Amino acid sequence: MPITTRAAITRKAHTPWEIVDLQLDEPKAHEVRVRFHAAGMCHSDDHITRGDAPVRLPVVGGHEGAGIVESVGPHVRRVKPGDRIVCSYIPACGACRPCSTGHQNMCEKGLNASTGMFLDGTFRFHLDGEDLGGFCTLGTFSQYAVVSEWACIPLADDIPFEIAALVGCGVPTGWGSAVYAAGVRAGQTVVIYGAGGVGSNAVQGARYAGAKNVVVVDPVEFKRDMAKVFGATHTFADAKEAHDFVVETTWGQLADHAICTPGVLTEEIVNSAIAVTGKTGKVTITAVGKLGEKAVHFPGGMLIGYQRQIRGALFGDSNPLYDVPRLLGLYRSGDLKLDELVTRKYKLDEVNQGYQDMLDGKNIRGVIIHEH
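As the structure is a computational prediction, the values presented were derived from the model and not from experiment.

A. Broad picture of the environment of Tyr-346. Mapped onto the secondary structure, Tyr-346 falls in strand 17 (residues 342-346). Residues Tyr-346 and Ile-369, 23 residues apart in the sequence, show an inter-C-alpha distance of 6.1 Å. If sequence neighbours within four positions are ignored, Tyr-346 has contacts with Met-41, Gln-353, Gly-354, Asp-357, Asn-363, Gly-366, Val-367, Ile-368 and Ile-369. Among the polar contacts listed, one links the side chain of Tyr-346 to the side chain of Asp-357, at a separation of 2.7 Å.

B. Quick peek at the pairing of strand 1 (residues 3-10). Bridge count for strand 1 against strand 2 (residues 18-24) is seven bridges, and the pairing is antiparallel. What sits directly across from Thr-5, in strand 2, is Leu-22. As defined by bridge partners, strand 1 adjoins strand 4 (residues 59-60) across two bridges and the pair is classed as antiparallel. Bridge pairing links Ile-9 to Val-60 in strand 4.

C. Examining the packing of aromatic side chains more closely. Under the counting rule described, the total for this entry stands at five aromatic pairs. Aromatic side chains Phe-141 and Tyr-355 sit 6.3 Å apart centroid to centroid with 55 degrees between the ring planes, which places their arrangement in the tilted category. Here Phe-141, found in the loop between strand 8 (130-134) and strand 9 (144-148), pairs with Tyr-355, found in helix 11 (residues 351-359); they are 214 residues apart in sequence, far enough to count as distant. Accessibility expressed as a relative area gives 0% for Phe-141, which makes it buried. With a centroid separation of 5.5 Å and an interplanar angle of 45 degrees, the aromatic rings of Trp-175 and Tyr-208 are classed as tilted. Placement of the pair is Trp-175 in helix 4 (residues 170-182) and Tyr-208 in helix 5 (residues 199-208), with a sequence separation of 33 residues. An aromatic cluster is defined as three or more aromatic residues linked by ring pairs; in this entry it consists of Trp-17, Phe-141 and Tyr-355. Positioned above the aromatic ring of Phe-123, the side-chain terminus of Arg-56 is 4.3 Å from the ring centre.

D. The arrangement of the pattern of salt bridges in detail. Taken as a whole, this structure holds 16 salt bridges when the rule is applied. When the shortest N-O distance is used, the salt bridge between Glu-70 and Arg-35 registers 2.3 Å. With Glu-70 in strand 5 (residues 64-72) and Arg-35 in strand 3 (residues 31-41), this pair connects stretches of sequence that are 35 residues apart. For Glu-70, a relative accessible area of 33% translates into the label partly exposed. Owing to a relative accessible area of 19%, Arg-35 belongs among the buried residues under this scheme. A single network of salt bridges, built from pairs that share partners, joins Lys-28, Glu-31, Asp-120 and Arg-124.

Conventions used here
Sequence order sets the numbering: in each chain, residues are counted from 1 along the sequence as written. Selection of residues for local features in this predicted model requires a pLDDT of at least 70, selection of side-chain atom pairs for listing and counting requires 80 or more, and totals for whole chains, interfaces and linings are taken over all residues. Hydrogens are left out, water is left out, and the side-chain values use all remaining heavy atoms of the structure. Under the DSSP-based scheme used, a helix requires at least four consecutive residues in state H or I and a strand at least two consecutive residues in state E, with every element numbered from the N terminus. Residue contacts are counted whenever heavy atoms from the two residues lie within 4.5 Å of one another. Polar contacts, as used here, are pairs of N or O atoms within 3.5 Å; protein pairs need one atom able to donate a hydrogen and one able to accept it. Residues neighboring in sequence count only if both atoms are side-chain atoms. A pair of strands counts as paired when DSSP detects no fewer than two bridges linking them. Stacked, tilted and edge-to-face pairs are distinguished by plane angle, under 30 degrees for stacked and over 60 for edge-to-face with tilted covering the rest, among Phe, Tyr and Trp rings (Trp via its six-membered ring) whose centres lie within 6.5 Å. Relative accessibility under 20% of the residue-type maximum defines a buried residue, over 50% an exposed one, and the middle range a partly exposed one, all with a 1.4 Å probe and only protein chains included. We call a charge positioned above a ring when the Lys NZ or Arg CZ atom is no farther than 6 Å from the ring centre and deviates by at most 35 degrees from the ring normal. The term salt bridge refers to a side-chain nitrogen of Lys or Arg lying within 4 Å of a carboxyl oxygen of Asp or Glu.

Just distances and angles here, no functional claims.
Right, here's the structure in full:
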């Protein structure tokens, strides 16, 4: 039978999150109903309320979440009722062309991320007769949600839900941006622009990969201080200071890598990243900017003369079925700091305050703890 669930939705751009009661359908084939215990507050959801994410509205927010499987639809094999899970914000079916060639981060089952519509063309959330999709076909800002079984990753009993939620997006996106997409290697110099929920994990990935210099650029002092906790060797408030340091410490050879993970990507950040990389250097862009603004503008010679590369990274090039358990294993061994990422915890009713705290530079990551 359908159930009622409390959720945070937004009806149109430039309006805050609104707490409402939604009707939630039963799961259909290859779907499961999840009782979420924790949801991460990623900057991507804030892009929705600011009109910078081209999504179908109204929408149920949230794409980082962990909880317990309540029920399953027909033909579900990956999980069963009672299982603890973390949701991958991009599903991984394991059978499509991207999945079968080692690119689960681009699984074809994730094609409706911006609408929240299921593959049969229908929706599971409803409000007064209107259909609502969950962001990334998840909607973790709801106490309960129906999600694809391909988005479910089994979660061991010893991992807290509020920690697990973060490895569904922010942690592998940042870590993988350094380790996989950039391909940081021992002894290299890496400059990371933005040290929030994603950038902090790029710092951890770069450091664990063996980078000699992990340089962070962030205007917020709290984030610079936390970046040192996560492994940054040097931190600066602006790109010019960082550039001057890199010139000095590398004897003019410049950085091997620049990774862009700010809250909002700008042309200024991209140009700084290109300028700070030396010969055969690589710029990896993980963040998105304002809708309608172009951030990548530079003369072709800037790439050709130094054989620089510039590329985008989705989900940090991660394979969630492999990388989520792997990252949690590093957390268990003390090699990956996840507790330190959670700055504050909020009730669902406090979601707007949580995002204001993020914008004010008070949080690395806020987490919603659902009440049941």
